[in-house]
Amino acid sequence: MARADLLKKLFSSFKQDNKEMFYAVASEIIEDEKKKNHGILADDLKLILNGNYQKKSINTLSENTPRDKDKDMPLIEVMYPEKYFSDLILSDNRIIQLEQIIKEFNNWEVLVSNGVFPTRRALFYGPPGCGKTLAAQALAGEIGIPMLYVRFDALISSYLGETASNISKVFDYAKKDSWLIFFDEFDAIGRSRNDSTEHGEIKRVVNAFLQQIDNYKGRSLIIAATNFEQSLDYAIWRRFDETIRFDMPSHDEKMKLFELKMKRFKGPVHVLEQYMNELEMFSHSDVEKVCQIIMKQCILDGKKIYTKNDIEQAVKKQEKNVSLRKTQY
Ligand SMILES: Nc1ncnc2c1ncn2[C@@H]1O[C@H](COP(=O)(O)OP(=O)(O)O)[C@@H](O)[C@H]1O
Ligand SMILES: [Mg+2]
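Reading the values: rules and limits
- Residues numbered from 1 in each chain as written.
- Chains lettered and ligands numbered in written order.
- Predicted model: local features only at pLDDT ≥ 70, side-chain atom pairs only at ≥ 80, totals over all residues.
- Helix = DSSP H or I, 4+ residues; strand = E, 2+ residues; numbered from the N terminus.
- Buried ≥ 20, exposed ≤ 12 C-beta atoms within 10 Å, placed from the backbone.
- Contact = placed C-beta atoms within 7 Å.
- Domains from an automatic or database assignment.
- Nonpolar A, V, L, I, M, F, W, Y, C, P; charged D, E, K, R; others polar.
- Near = placed C-beta within 6 Å.
- Axes fitted to C-alpha atoms, helices over the stretch in contact; angles between N-to-C directions.
- Parallel < 35°, antiparallel > 145°, perpendicular 65-115°, else oblique.
- Left-handed = near helix turned anticlockwise from the far one by under 90°.
- Pairing = 2+ DSSP bridges.
- Core = buried A, V, L, I, M, F, W, Y, C linked by C-beta atoms within 7 Å.
- Expected span 1.5 Å × (residues − 1).
- Arc of directions from axis to C-beta.

J.: An account of the overall build of the protein is requested, with residue identities and associated values reported.
T.: A tally of helices and strands in the protein yields 14 helices and eight strands. Counting only C-alpha atoms, the protein reaches 65 × 60 × 40 Å along its principal axes. The proportion of buried residues among the 329 residues of the protein is 31%. In the protein, 75% of the contacts between residues at least 6 apart in sequence involve partners at least 24 apart.

J.: Requested: an account of the domain arrangement of the protein, with residues and values cited.
T.: One frequent convention defines the size of an interface as the accessible area lost when the parts assemble. If you check the domain split of the protein, you get domain 1 (4–50), domain 2 (67–245) and domain 3 (251–328). The centre of domain 1, based on its C-alpha atoms, is set 31 Å off from the matching centre of domain 2. Facing the five residues of domain 1 at the interface are six residues of domain 2. For the side of domain 1 that touches domain 2, the class distribution of residues is two nonpolar, three polar and no charged.

J.: So what's going on with the site of ligand 1? Residues and values would help.
T.: Looking at ligand 1, there are 16 residues lining it, with Gly131, Lys132, Leu134, His284 and Ser285 nearest. Of all the secondary structure elements, the ones that give two or more residues to the shell around ligand 1 are helix 6 (132–143) and helix 13 (284–301). Looking at side-chain class alone, the shell around ligand 1 contains nine nonpolar, five polar and two charged residues. Split by domain, the shell around ligand 1 shows at least three residues from each of two domains, domain 2 (67–245) and domain 3 (251–328).

J.: How would you sum up the packing of helix 12 (residues 251–261) against helix 13? Please name residues and give values.
T.: Axis separation between helix 12 and helix 13 bottoms out at 9 Å; the angle between their running directions is 40 degrees. Between helix 12 and helix 13, the interaxial angle falls into the category oblique. The chirality of how helix 12 crosses helix 13 is right-handed. Between helix 12 and helix 13, the residues in contact are Lys254, Leu257, Phe258 and Lys261 and His284, Val287, Glu288 and Cys291, respectively. For the contact of helix 12 with helix 13, the per-class residue count stands at four nonpolar, one polar and three charged.

J.: Tell me about the sheet that holds strand 6 (residues 180–184), and name the residues and values.
T.: Spatially, six strands are ordered 3-5-6-7-4-8 in an open sheet, and the strand pairing comes out mixed. Only two strands of the sheet have a single neighbouring strand rather than two, namely strand 3 (76–79) and strand 8 (242–245). Across this sheet, the average inter-strand angle for adjacent strands is 20 degrees, counted without regard to direction. Alignment of strand 4 (residues 121–125) against strand 7 (residues 221–226), held across five bridges, turns out to be parallel. Each bridged residue has a counterpart across the sheet, and for Phe124 the counterpart in strand 7 is Ala225. Together, strand 4, strand 7 and strand 8 form the strand contacts of helix 4 (residues 92–106), whose direction differs from that of strand 8 by roughly 150 degrees. Relative to the sheet, helix 6 contacts strand 4, strand 5 (147–151), strand 6 and strand 7, its axis offset from that of strand 6 by approximately 175 degrees.

J.: Got a sec to walk through the nonpolar core? Specific residues and values, please.
T.: With 48 residues, the main nonpolar core has Phe124, Ala136, Leu148, Leu180, Phe182 and Ile223 as its most contacted residues. With six residues, the top contributor of residues to this core is helix 6. Here Ala136 is in contact with Phe124, Met147, Leu180, Phe182, Ile223 and Ala225, once residues within four sequence places are set aside. Listed in part, the 16 residues of the second largest apolar core include Val287, Val290, Ile311 and Ala314.

J.: Quick one: what's the story with helix 4, residue by residue and with numbers?
T.: Helical periodicity: at 3.6 residues per turn, an α-helix aligns residues three or four positions apart in one direction. With 15 residues, helix 4 extends 21 Å between its outermost C-alpha atoms, agreeing within 8% with the 21 Å of an ideal straight helix rising 1.5 Å per residue. Listed as buried for helix 4 are Leu98, Ile101 and Phe105. Down the axis of helix 4, the buried set is contained in an arc of 50 degrees. They therefore lie on one face. Away from its buried face, by an angle of more than 90 degrees, helix 4 presents the exposed residues Asp92, Asn93, Ile96 and Lys103. Buried residues along helix 4 sit against helix 5 (108–113), strand 4, helix 6, strand 7 and strand 8.

Below, the structure is given as structure tokens:
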């Protein structure tokens, strides 16, 4: 985040219609971000100033992107998430924990110069569809840093030793800038070291990963997400400064999520309350699916207002998906 004095100057220059001053302050902000090791943000700001900026909300790949040798697949995706806390419905406690991470990240230098470290590694865990990936995106969005998205299944190679080399390629790449490095589907690597299946390889992989996060000194936030926290062993848990559980939504959170997602349409929002029994096993993602079913129906029927019947049909439809999913496990 740019310093308060620079922001004030920037606003005054706009108000005074003083282009020269505006450019001077903008350049100062760019330099300031560079110093903080926010190279990508600094480059983006420069491009915006010069009028050559193309929005990069989708992932970008370059020649330097580390790849798996065998599968010839990129190991990472660079993303510029446009998600914020306003997109998230979570309990107040979770929001407080996430805000704390941001506060510490934004005060990195102050903390380090006083001999304490900000939260640098967090573990997000809990059932699928409850916002782990979304929260990581929102953190990146709120802090204003790009996300280095890493899927574990992409890292794991069938060739002996190649997995460890993939992990170090990712961390080498990460050294270049300040990121939110997000290891999604962490379950694959975090499987207990006591697991007898694939014992040798998994052990090597876990050790390589732990070593890398221990050695990583960059100004980045490392977040790993898993649906299967039971399978993580103690050695992994204690490597994280912060562990955050993402729970299934409460009734209240389901209502808030429904309202948030349906805000472009009109209808009897509170009718959803009558279906809380049916929604018992619904994750945030399932509630969102209900909204999508209703919205799709409205769009196809050319109407702006949905009815109680639309809600009922959508809940029933998604209920089927949820029970199908349950029988699969
Ligand atoms: N807490 C939440 N608040 C708002 N939307 C959510 C939340 N959790 C999940 N969603 C919706 O469901 C989708 C999938 O959630 P995701 O973050 O991928 O879940 P997870 O990573 O926990 O499996 C998200 O893109 C979002 O649209
Ligand atoms: Mg996810």
